[in-house]
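Residue-level structure breakdown
Spelled out, the chains give:
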Amino acid sequence: LSGTAVTAPSTVNLTNEGTADWAHWGLSSASSFNHKAGVSAQISNITPVGVAPLRFGGNPSNWTTHSWSDGTPTASTAGFPGGIYFNGMGNGYQFTVAADTTVRTLRLYAGGFRSRTRVEATLSDGSAPVFSTVMDNPTGVIDQVITLSFSAASAGQTLTVRHIFEDDYGGGGNIGLQGATLQQAAPSPPNLPFGENFNSGTFADWLPVDQTGKPSSWSVIAGELRQKNRVESVNAFEQSHHLGTYVYYSPGLGWTNYRFSVDAQYLATGLADDIGVMFRYQDPGNYYRLSLNSRTGFTRLEKKVGGVFTPLATNARGYPAGTLLKFGIEVSGATIKVLVNNDPLFAVIDNSLSSGTVALYNQDNSKYDNVVVDVPSTSPSIVINSPLAHTVTTGTTLKVTGQVANIPLNGYVDFVLDDSVILTDNSAPFTQTFLAPGDGNHKVEGILRNALGVEVSRDTNVNVATNGNPMTAIGDSITEGEKDNYAADNTSMLGRVLGFQGYEAVLTDNLNATAVRPDNIVVNEGVGGDETFDAAFVRIESVLARHPDMTKALIMLGTNDALNGVPPGTGCSGTLCDGTFKGNMQTLVDKIRWLDYPTNTVSSNITPTVALAPPAWNSTTPWTSATNATLRNYNTVVSTEINGIQIGPDFFGHFMPSATVNLSSLFGDNLHPNGLGYVVMAALWHNNLNPANPVPLPFVLDSLTVSTPTAPQQNLLEVGDRYYLDESFTLSNIPVGLNGGRWIMPANADKANTSTSYLSFAADRAVDVYIAYDAAATQLPDWMSGFTATGSSVSTTDPTVPTLRLYVRNFPSAGNITLGGNLQGAAAGARSNYIAIVVAM
C-alpha cells in the first residue's frame, strides 16, 4: 500500500479513468451516489463519520470538473465541478474498496476549504502499513487527487479509506469529496514493435486528459489524430510549467525500455504554442515530457514525479512555422535520449520513472501520425548532453559530457573543440574539460570510436559560447510579446532564440552586435496576466531551476497590478508591505539575488534589473488616467525603494514623455507594443545594459495623427499581416524595397475621407513616402500630384481590392509631412483606404 497526493487536474473523465469502477457523490443532492454501470461495484458508497454531508455546486476555477458516459443512476454528465462536504472538526466519511492479490490503483478526488484534513487508508488483513496524508490550506480551497496503489495478501479483503476534518483554522472550514476511480493492474503491454497510423479511423486505446479547464477535441481525420481546440490560457500553468491536453496509450502502461517516434505538426495559425510528447507516462502526476513552443521560444525536457515538475534540459529554440516535426525518444534504464527531426537534442540520466506508456501533447490545433514504439537500438551512439547547442555558458573553461550507448569493446570517445583540439576519454562517464577554449562561440563534437579508432557515431553542437551572459526576461504579457505580429526579427542571428514574438531575440542580437564577443542570450519567461505576486510567489522558483546559470534577470511588471488595484506600498516597511507592489517586487528580487532566501546571506550572483513599466492607453486622457497614475507610483517605488537592483530602462517616460507627446502609435492595443514597439523596447533595454556602446533607437514617426477618431499605428509589416486597424485582410505580397519601412496602419472606415489634411507625422530625417492606392481607381487625389508611379504594387487578400498600386515622393529633409484624405479633390474609383509607407533615406 503506497500513495501520493498532488493537485488535482482541472477535468477528469471518470469513464476513461475508472476502467474497473468509479464513484461520484453530490451530483443532484447530498445523497446522490453515481457509479459505473455494467460492472460489479468495487467502490462502496460512503458512511458518514459524525454529521451528514451537505452538497456544493462547485466552481471549475477551484474544483475538478467530473464527467462520465457509463453511469448509473445518471447515465452521463458533461461536467460537474461540485460534490459533498462536511462541517465540524472530527467529522468526515469513509468507504471501502475491494482488495485481493491483484494490484489496483484508486484515485480519490477530495479536498476542503480553510482546513487541515487527513486521509488514511488501511488494508483489512493488515498486510501493509497504514497510508496517511494531510491536506492543508488555512486560507483557501484544497483540491487534490490522492493516488493509492494497493494489493492484499489474500482474496476477499477490503481497503478502507477514511477522510477526517482535523483543524478549522478559526471557523468556516470544511472537508470535501467529489469522486473516486479504480483501475486494476494493466495486463501485459503489447509486444514491441508497436505501430499506430490511425488509418482505422479510431483511437479507442488513447485516453484524453485535459489539464487547463478548457475542453479538448481529439478525433481521427484522414488517417491522422488531431486535436482541434485551443486549450492554452493565462491559467494553463503549474508554476511556470505549461499545461495543455494529451492522449496516452493506455495498453502501454507496463512498457519500460523503448524507442518512441511520432510525426507531429502544429496547425493553428498566429500564435505557436506547445506541441510535444510524453513518455514513461504512468498517471497525471508522473511522466516525462518534451515540449516545443515558438510563441516565446523554447524546447523543454521536464519530468513530473509525485505531482511536482522538475526541469531536465532546456533551450530557447522553438520550431519554424508549419514544420513537420519528427519526435524521437529513447529510454533505457536511467538514460534518456531526445531527438527532433533526427538531430540529437538532449541526453540526460534520470531514474525517477522506470516504466510507463507514451502520450501526445499540445495546447492548440495539432496533428499526429506514424507512432512507432520499438525496442531500444543496439547501435553505438553518442549524444553531447552538455553543453547544449546554441547556448551560453558562464565559465572560462568548457566541460563537455557525452552520453554513450552500446559502446564497442575497448571503444573510446574523442571530444573535439573547434575542429582542432582533441581530448580523449576511455571510460564512462565520458567527459573532458577544455581549460582554455577562449571566449566567444565554439563548436564541440563527441566522436565515438571502436578499438581500431574507427568512428562509429558522432554528435556536434554548434554556437556554444563561453564566459558569456545568459539572461532571463521575467514579466507579464508585454515581456511575453503579446501583439508582436512581426516574426522576421524573432529568430536571433546565431540561432540561440527561435520564437515568434517579444523583444528577446532582437535584444540578443543587439547585445551580440555591440559586445566584444557574441556571447549573450535573452530567454523569454514572460507569462500573460502575471502580477508581481504571481512572479514572486508562483513562478520564480521554477524559472530559477530552469535557468540556474543566468547572470541577469530582466524584470518588468506592474501593468496587471495597476489594472487590478494592487497598492503601490510607497514608504511601507516590514509586514505592512505584504500584498503591495513594493512587497511583492522586493520578494521577487530577493529570491533572485540570494541562494538562501529568506536568510539572504549567500549571493546567487544574479543581477536583477527592473524596468519602469510602460503606460497604458485605456483612457482618452492617458496622461491623467488612474491606471497611469498608479503605474507612475510603481515606477517611483522601483526607482527609489527596491533594494538590490539595477534600474532598467524607463519605458513609461519614453512612450509618454508629456501630456501632449506620446508614442501610442507603437502599440497594438491599449497595453501591448506592436512589432515596431518591441524593437524600440529591445534598443532601450540594450542601451541600459550596455550604456558605453549604445545602439541607435529605431526610426519612428513622431506626432502621428489622423483627423478622424481612430488613431493610426506605425508598424513593421510583412506578408501575412493585417494592414488596416479595422479589417482582417492581410498582405500577400510586398515589394522588396518596402521591407523595413514604417507602415502607417489607418482604419479602412476612413476610405471616404475628403480632407486635405487627413494624416500627418514628423520625420527626423530625409524619407521616401510611398502610397499604396487602389489599382482600380480612375483618378488620384489632388494631394498626390507630387507622387510618381513606381510600376510596382502591393497584393492583398481583399477580394474586392486585391491590388494596391505604389506611388512615391521624396522628402529631402526632416520635418512635418501632411497627407490628404483617400477621396480628396478629384479622386475617384478608390474602394478602400490607402496605406502610407515611410522609408528612411
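First things first, this report covers the structure right here in the doc. Values in this document were obtained by computation on a predicted structure and should not be read as measured data. (Residues numbered from 1 in each chain as written. Predicted model: local features only at pLDDT ≥ 70, side-chain atom pairs only at ≥ 80, totals over all residues. Heavy atoms only, no water.)

1. Looking at the layout of surface pockets
- Taken as a whole, the largest pocket holds about 1600 Å³ of empty space.
- Looking at the largest pocket, it is lined by 45 residues, and the ones nearest its centre are T7, A8, S61, N235 and F237.
- Broken down by secondary-structure element, the contributors of at least two residues to the lining of the largest pocket are β1 (2–7), β13 (131–150), β20 (237–238), β27 (308–315) and α4 (532–546).
- Residue contributions to the lining of the largest pocket peak at seven residues, all from β13.
- For the lining of the largest pocket, the class distribution of residues is 17 nonpolar, 21 polar and seven charged.
- Of the voids in this model, the second largest pocket is the one considered here, and its volume is about 1100 Å³. (1 Å grid on protein atoms, 1.4 Å probe; cavity = no way out; pocket = protein on both sides within 12 Å on 5 of 7 lines; lining within 4 Å. Points joined across faces, edges and corners; volume = space filled by probe spheres on them. Helix = DSSP H or I, 4+ residues; strand = E, 2+ residues; numbered from the N terminus. Nonpolar A, V, L, I, M, F, W, Y, C, P; charged D, E, K, R; others polar.)

2. Some remarks on the nonpolar core
- Y503, L507, I555, M585, L588 and F655 are the most contacted members of the largest nonpolar core, which has 58 residues in total.
- Here the element with the most residues in this core is helix α9 (residues 675–689); it accounts for nine residues.
- Within the second largest apolar cluster, 44 residues are counted, among which are V220, V247, F260 and L292. (Core = buried A, V, L, I, M, F, W, Y, C linked by side-chain atoms within 4.5 Å. Buried < 20%, exposed > 50% of the residue type's maximum accessible area, 1.4 Å probe, protein only.)

3. A few points about the sheet that holds strand β7 (residues 65–68)
- Read across the open sheet, the three strands follow the order β2-β7-β9; overall the sheet is mixed. The open sheet terminates on both sides in strands that have one partner only, identified here as β2 (11–13) and β9 (77–80). Ignoring which end each strand starts from, the neighbouring axes of this sheet average 15 degrees apart.
- As paired elements, β2 and β7 share three bridges and run parallel to each other. Opposite N13, over in β7, you have S67 as the bridge partner. (Pairing = 2+ DSSP bridges. Axes fitted to C-alpha atoms, helices over the stretch in contact; angles between N-to-C directions.)

4. Overview of the pattern of salt bridges
- A full pass over the atoms with the stated rule returns 35 salt bridges.
- Here E480 makes a salt bridge to R295, at a shortest N to O gap of 3.9 Å. With E480 in helix α2 (residues 477–480) and R295 in the loop between β25 (286–293) and β26 (298–305), this pair connects stretches of sequence that are 185 residues apart. The same class applies to E480 and to R295, which are both buried.
- Residue R300 pairs with E525 through a salt bridge whose shortest N-O separation is 3.4 Å. Here R300, found in strand β26, pairs with E525, found in the loop between β41 (520–524) and α4; they are 225 residues apart in sequence, far enough to count as distant. The same class applies to R300 as to E525, namely buried.
- If you follow the salt bridges from partner to partner, you end up with R230, E232, D273, R295, D364, E480 and E482 in one network. (Salt bridge = Lys/Arg side-chain N within 4 Å of Asp/Glu carboxyl O.)

5. Notes on helix α3 (residues 504–514)
- Where burial is concerned, most of α3 is hidden: 10 out of the 11 residues are buried.
- Taken together, the buried positions of α3 are occupied by E504, A505, V506, L507, T508, D509, N510, L511, N512 and T514.
- In the core, the buried residues of α3 are packed alongside β40 (469–475), α2, β41, β42 (552–556) and α9. (Contact = heavy atoms within 4.5 Å.)

6. Examining the packing of aromatic side chains
- One pass over the structure, following the stated rule, counts 30 aromatic pairs.
- Here the aromatic rings of F279 and Y288 are separated by 5.4 Å at their centres, their planes lie at 15 degrees, and the arrangement is stacked. The same class applies to F279 as to Y288, namely buried.
- A connected cluster of aromatic rings, assembled from ring pairs, spans F194, F198, W206, Y249, W255 and Y258.
- Note that R632 overlies the ring of W623, its terminal NZ or CZ placed 4.5 Å from the centroid. (Phe/Tyr/Trp six-rings, centres within 6.5 Å; stacked < 30°, edge-to-face > 60°. Lys NZ or Arg CZ within 6 Å of the ring centre and 35° of its normal.)

7. Remarks on the side chain of T609
- Along the chain, T609 falls in strand β43 (residues 607–612).
- Leave out the neighbours within four places in its chain, and T609 touches A553, L554, I555, Q646, I647, G648, W685, N688 and L689.

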